[in-house]
Amino acid sequence: MSTLDFEITRNENPVSAEDRAGILADPGWGQHFTDHMITIRYHKDKGWHDAKLEPYGPITLDPASQVLHYAQELFEGLKAYRQADGSIVTFRPYANAARMNASAQRMAMPEIPEELFVEAIDLLVSTDRDWVPTTEGHSLYLRPFMFATTRLLGVNQPANEYLFMIIASPSGNYYSRGIKPVTVWLSQDYTRAAPGGTGAAKTGGNYAASFAGQAQAVENGCDQVVWLDAVEHRWVEEVGSMNLMFVYGSGPQPRILTPALTGTLLPGITRDSMLRLAPDLGIQVEEGKINIDEWQHGCESGELTEVFGCGTAAIISPVGAVKGADRAWAIGDGEPGPISMRLREELIGIQFGRRPDTYGWIHKIA
Ligand SMILES: *Cc1c(COP(=O)(O)O)cnc(C)c1O
């Protein structure tokens, strides 16, 4: 049942089949967009209204739009996957809807009905279905987002009006030349999130605040930044925009430790999926705490065998080396570890329909 009727305006000048094939041959990441987008408006007095599927293109904003000044914004990220029989599915879209609403609560923004969120994704993906890659491992990245549009420079209240949108971008393999472990920088100067702050909300401001730390990582010859807790600067929280997993032991009884969701970490859906899948593969899981000394000593003693970041974009990103102002160490032998790859295969297998969907995570679109 439709929660709102969508007004549909077809793009009269879609990208030609030939140009689209060229883009899909080498989509890169987040650079190309499909022919359509979703817009849904919200007003405090009217609720959600004006749902549209329309041609992808620029939007007009009043210069006093609240988001441009006070950053009331949030976003989500998920993917649509082409199955072997040509059909298309998304992965746990209701989990993204629920997380968007959790972010909305923190940002004093309106919640969107989960059905409407998922229906809007389905409509966009089925309209732009020719944009869902058929190449092994490629997918259509979906970016729902919402921001405050009220003309308002007053700072003591949230906006009354919001725009929710969804855009879609074909995405290739995050690692175009095979999965290579990254080197990460321990950020002592910057923090991503503090207790009571917005670290658990998927809001653009967290990213804006992270670029200086990321730049410092690059200046120090690293690929990404490891975020430590804001209070003691030694408890490990996340890497770049991914959650972290620490693998202990490689023999018959491997164990995974991941930092617990303390309120300063973003609750990743990939993280959650891996915590559910690992025990099925005979891997114990634990949500807890790990500090940088324990990380270093664990690697030096050989007890800690693999470390990887996980998120929708890259799925997993093995960490091969760690650097900080006063220390540096390596993890494993510079190749992705077997447990990391086993979990990756399992998750991708479910997403592309090669493995049974035991948990009901797959949402069929068309
Ligand atoms: C989105 C995000 C993640 C990963 O979440 P997934 O749902 O697994 O994609 C992790 N950390 C941060 C900071 C994020 O923004």
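Analysis parameters
Residues numbered from 1 in each chain as written. Predicted model: local features only at pLDDT ≥ 70, side-chain atom pairs only at ≥ 80, totals over all residues. Heavy atoms only, no water. Axes fitted to C-alpha atoms, helices over the stretch in contact; angles between N-to-C directions. Helix = DSSP H or I, 4+ residues; strand = E, 2+ residues; numbered from the N terminus. Parallel < 35°, antiparallel > 145°, perpendicular 65-115°, else oblique. Left-handed = near helix turned anticlockwise from the far one by under 90°. Contact = heavy atoms within 4.5 Å. Nonpolar A, V, L, I, M, F, W, Y, C, P; charged D, E, K, R; others polar. Near = heavy atom within 4 Å. Polar contact = N/O pair within 3.5 Å; in protein donor to acceptor, adjacent residues only side chain to side chain. Areas by Shrake-Rupley, 256 points an atom, 1.4 Å probe, with all protein chains shown as cover. Buried < 20%, exposed > 50% of the residue type's maximum accessible area, 1.4 Å probe, protein only. Pairing = 2+ DSSP bridges. Salt bridge = Lys/Arg side-chain N within 4 Å of Asp/Glu carboxyl O. Domains from an automatic or database assignment. Buried area = accessible area lost by both parts, 1.4 Å probe.

**Observations regarding the packing of helix α3 (residues 93-106) against helix α4 (residues 114-127)**
When two helices pack together, their arrangement is given by the angle between the helix axes and by the axis-to-axis distance. It is at 9 Å that the axes of α3 and α4 come closest, and there the two elements cross at 125°. The angle between α3 and α4 falls in the class oblique. Crossing of α3 over α4 shows right-handed handedness. Residues P93, Y94, N96, A97, A98, M100 and N101 of α3 form the contact with α4, whose participating residues are E114, E115, F117 and V118. Tallied by class, the residues present in the contact of α3 with α4 amount to seven nonpolar, two polar and two charged.

**Looking at the site of the ligand**
Around the ligand, 14 residues are found, and the nearest of them are K202, Y207, E238, T270 and T312. Here a nitrogen atom of the ligand sits 2.6 Å away from a polar atom, N or O, in the side chain of E238. The side chain of T312 places a nitrogen or oxygen atom 2.6 Å from an oxygen atom of the ligand. Summarising the interface, the protein chains cover 95% of the accessible area of the ligand, which totals 380 Å² for the free molecule. Across the shell around the ligand, the residue classes break down as four nonpolar, six polar and four charged.

**Here's the deal with the environment of F246**
Mapped onto the elements, F246 comes out in strand β12 (residues 242-248). Given a relative accessible area of 0%, F246 falls into the buried group. Sequence separation between F246 and V285 is 39 residues; the distance between their C-alpha atoms is 9.8 Å. Those residues within four positions of F246 in sequence are excluded, and the remaining contacts are V236, R255, I256, L257, P259, I290, W295, L304, E306 and V307.

**A look at the pairing of strand β10 (residues 224-228)**
The buried count for β10 comes to five of five residues, which makes it a mostly enclosed element. Here β10 shows a buried face lined by Q224, V226 and L228 and a second buried face lined by V225 and W227. In this sheet, β10 lies alongside strand β9 (residues 182-186) in parallel orientation, the contact comprising three bridges. Residue pairing across strands places V184 opposite Q224, the latter belonging to β10. Inspection of the sheet shows β10 paired to strand β11 (residues 236-239) by three bridges, in the antiparallel sense. Bridged to W227 within β11 is E238.

**Some words on the pattern of salt bridges**
With the rule as written, the count across this model stands at 15 salt bridges. Linking R276 and D272 is a salt bridge whose minimum nitrogen-to-oxygen distance equals 3.6 Å. Linking R276 with D272, this pair stays in helix α7 (residues 269-277), spanning four residues, or about one helical turn. Given a relative accessible area of 34%, R276 falls into the partly exposed group. Its salt-bridge partner being E346, residue R355 comes within 2.8 Å of it at the nearest N-O pair. Overlapping salt bridges bring together R92, D272 and R276 as one network.

**Considering the domain arrangement of the chain**
According to the domain assignment, the chain consists of domain 1 (7-171) and domain 2 (182-351). Between domain 1 and domain 2, the C-alpha centre-to-centre distance is 28 Å. Opposite the 21 residues of domain 1 that make contact, domain 2 presents 20 residues. If you sort the residues of domain 1 by the area they bury against domain 2, F75, F91 and R99 come out on top, with a joint share of 36%. Across the salt bridge formed by D272 and R92, the nearest N and O atoms sit 2.9 Å from each other. Counting every contact that joins domain 1 to domain 2 gives 13 residue pairs in polar contact (both at pLDDT 80 or more). Those elements that provide at least two residues to the side of domain 1 that touches domain 2 are β4 (73-75), β5 (78-82), β6 (88-91) and α3. Tallying contributions element by element places α3 first for the side of domain 1 that touches domain 2, with five residues. Within the side of domain 1 that touches domain 2, the residues separate by chemical class into 11 nonpolar, four polar and six charged.

**Examining the side chain of N206**
On the secondary structure map, N206 appears in helix α5 (residues 204-208). Using a relative accessible area of 5% as the deciding quantity, one classes N206 as buried. Within the local environment of N206, its side chain forms a polar contact with the side chain of T198, the two groups lying 2.8 Å apart. When neighbours within four sequence positions are excluded, N206 is seen to be in contact with R192, T198, G199 and A201.

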